[in-house]
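Tertiary structure, described
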Amino acid sequence: MSKAHPSNGRRPRLPAITALALAAGATAWALREVPAAFGRRPDARDERIRNSPQFRDGVFHNAPSALASATPPGPPTDRSTLRRLILEREGRQPVRPVPVVVPEGGARRPATEGVEITWYGHASALVEIEGQRVLLDPVWSERCSPVSQIGPKRVHPVPVELEDLPQVDAVLISHDHYDHLDMATVKRLVAGQSAPFAVPLGIGGHLRRWGVPEHRIIELDWDETCTLGELTLTLTSAHHFSGRGTTRNTTLWGSWVIAGPSRKVYYTGDSGYFEGYAEIGERHGPFDAALVQVGAYDQAWADIHMTPEDAVRAHLDLRAGLLVPVHWCTFTLGLHPWAEPIERLIAETKEQGVPLAVPRPGERVDVDNPPELDHWWEGIA
């Protein structure tokens, strides 16, 4: 008869080879979605891509600018910036829960005949304009990353499940970075919605790989327009870059003009400040409201992300009414303190006399009757 050995409260150790096998299996499982999440590089022989004024030498370029470099930029890789990204974490995340707003009466209420904006966090928003609905850069995943277990994690829950959204008339994508274009969210929208995806040139390749039917893909170059019923959507310029894997700038980036029969909304996507805003304002404005990127800025990437002061300057160039800030709060992607974008934005909008609404994630803003600022973010950071 064999004797049981006392454990002394200790767990038996796994043999080293078993532990290594388990670790390798876990890593392989975590990385299984990466190839698909990278999407598909567009065919450079595609006639529309080859003939784009933005495309040369195998990549897309920003428009010439006296304010920013026209060279296709990329993320900063210098040692000092990478060190700051890794080590300087003080104040970059909220220390208390971010309040979210669950839609009153459900998310499927009838679309407004005016203009209303529901911000879901980061750059994801629903624009309702004269009875039409447009979903912007939807990211419903827990992380904005090609790997579901690694990468920037959201600091607040989604205010409403994607399947609980009303039917929309269009899904707009500004560019293919993970915090704006999410494979899992796209797949859920394919199943739960029937609206087309309107995207900059080249991004259709990603969507096709993820199962979006061809008839639901609309690819546009800058200053091209598509009409969906009474909705007119125009892709306009931005000063940014693109890329999901090791290649950069093989897909285009942009901003969007969303127009109903008589009302207009503008969405900046991601961009550095450049002369294009004045041109867009002159050609397409004035706008009832603009959703403007205000977060994840730094001197190291000033060409590709605006500061809050830049955002107000762009808003004035655009000839827009209400400013609704986006690209902050949800994912920690910059080096600044979590609430700094809004604090700086408030100071600048007061200085410039710009109307401002700062909704909680999930809060609906009536552009014609915006809520007063209640500083809900104070005490959270």
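All figures in this text were calculated on a predicted structure; none of them were measured in a lab. (Residues numbered from 1 in each chain as written. Predicted model: local features only at pLDDT ≥ 70, side-chain atom pairs only at ≥ 80, totals over all residues. Heavy atoms only, no water.)

**A short note on the overall build of the protein**
Looking only at helices and strands, one finds nine helices and 15 strands in the protein. Taking all 381 residues of the protein together, the buried fraction comes to 53%. The contacts in the protein between residues at least 6 apart in sequence include a share of 69% that link residues at least 24 apart. As presented, the protein carries roughly 17500 Å² of accessible surface, and 52% of it is formed by carbon and sulfur atoms. (Helix = DSSP H or I, 4+ residues; strand = E, 2+ residues; numbered from the N terminus. Buried < 20%, exposed > 50% of the residue type's maximum accessible area, 1.4 Å probe, protein only. Contact = heavy atoms within 4.5 Å. Areas by Shrake-Rupley, 256 points an atom, 1.4 Å probe, with all protein chains shown as cover.)

**Let's talk about the pattern of salt bridges**
Scanning the entire structure with this criterion turns up 16 salt bridges. Salt-bridge contacts for Glu-128 lead to Arg-133; the nearest nitrogen and oxygen are separated by 3.6 Å. Its salt-bridge partner being Arg-344, residue Glu-340 comes within 3.2 Å of it at the nearest N-O pair. Highlighted residues: Glu-340 and Arg-344, both in helix 9 (residues 340-352), separated by four residues, approximately one helical turn. (Salt bridge = Lys/Arg side-chain N within 4 Å of Asp/Glu carboxyl O.)

**Here's the deal with the pairing of strand 12 (residues 264-267)**
Judged from the four bridges that link them, strand 11 (residues 255-259) and strand 12 form a sheet pairing that is antiparallel. When the bridges of strand 12 are listed, Val-257 appears paired with Tyr-266. Here strand 11 folds back onto strand 12 in antiparallel fashion, the turn holding four residues. Note: strand 12 against strand 13 (residues 287-293), three bridges, orientation parallel. Across the sheet, residue Tyr-267 finds its bridge partner in strand 13, namely Leu-291. The handedness of the strand 12 to strand 13 crossover, carried by helix 7 (residues 276-284), is right-handed. (Pairing = 2+ DSSP bridges. Right-handed = clockwise from strand over helix to strand, strands pointing away.)

**Section: helix 7**
Along helix 7, the residues that are buried comprise Gly-276, Tyr-277, Ile-280, Gly-281 and His-284. End-on, the buried residues of helix 7 take up no more than an arc of 140°, which puts them together on one face. Turned more than 90 degrees from where helix 7 packs its buried face, Glu-279, Glu-282 and Arg-283 sit exposed. Among the structural elements, strand 10 (231-236), strand 11, strand 12, strand 13 and helix 8 (308-318) are those in contact with the buried residues of helix 7. (Arc of directions from axis to C-beta.)

**Notes on the environment of Val-294**
By the secondary structure assignment, Val-294 is in the loop between strand 13 and helix 8. Note: C-alpha distance between Val-294 and Asp-270 (24 residues apart in sequence) is 9.1 Å. In this structure Val-294 touches Met-306, Thr-307, Pro-308, Ala-311, Pro-325, Val-326, His-327, Trp-328, Pro-341 and Leu-345, once residues within four positions along its chain are discounted.

**Considerations on the confidence of the model for the protein**
Of the residues in the protein, 85% reach a pLDDT of 70 or more, and the chain-wide mean stands at 89. Between residues 1-9, whose pLDDT stays under 50, and residues either more than four places distant or in other chains, the model counts zero contacts. Contacts for the low-pLDDT stretch residues 21-30, under 50 throughout, to residues beyond four places or in other chains number three contacts. (pLDDT = per-residue confidence, 0-100.)

**Overview of the environment of Glu-116**
Its place among the elements puts Glu-116 in strand 3 (residues 115-121). A residue is classified by how much of its surface remains accessible, and Glu-116, at 10% relative accessible area, is buried. Sequence-wise, Glu-116 and Pro-370 are 254 residues apart; in three dimensions their C-alpha atoms are separated by 9.2 Å. If near-sequence neighbours (up to four positions away) are discounted, Glu-116 is found in contact with Arg-109, Leu-126, Val-127, Glu-128, Arg-364, Val-365 and Asp-366. At 2.6 Å, the side chain of Glu-116 forms a polar contact with the side chain of Arg-364. (Polar contact = N/O pair within 3.5 Å; in protein donor to acceptor, adjacent residues only side chain to side chain.)

**Considering the sheet that holds strand 8 (residues 217-220)**
Two modes of strand pairing occur in sheets, parallel and antiparallel, and in both the strands are linked by backbone hydrogen bonds. Pairing in this open sheet of seven strands is mixed, and the strands run 8-7-6-5-4-3-15 from one edge to the other. Two strands close off the open sheet at either side, each with one partner strand: strand 8 and strand 15 (364-366). Ignoring which end each strand starts from, the neighbouring axes of this sheet average 20° apart. Pairing analysis gives four bridges linking strand 7 (residues 197-200) to strand 8, with the strands arranged parallel. Residue pairing for strand 8: Phe-197 is matched across the bridge by Ile-217. (Axes fitted to C-alpha atoms, helices over the stretch in contact; angles between N-to-C directions.)

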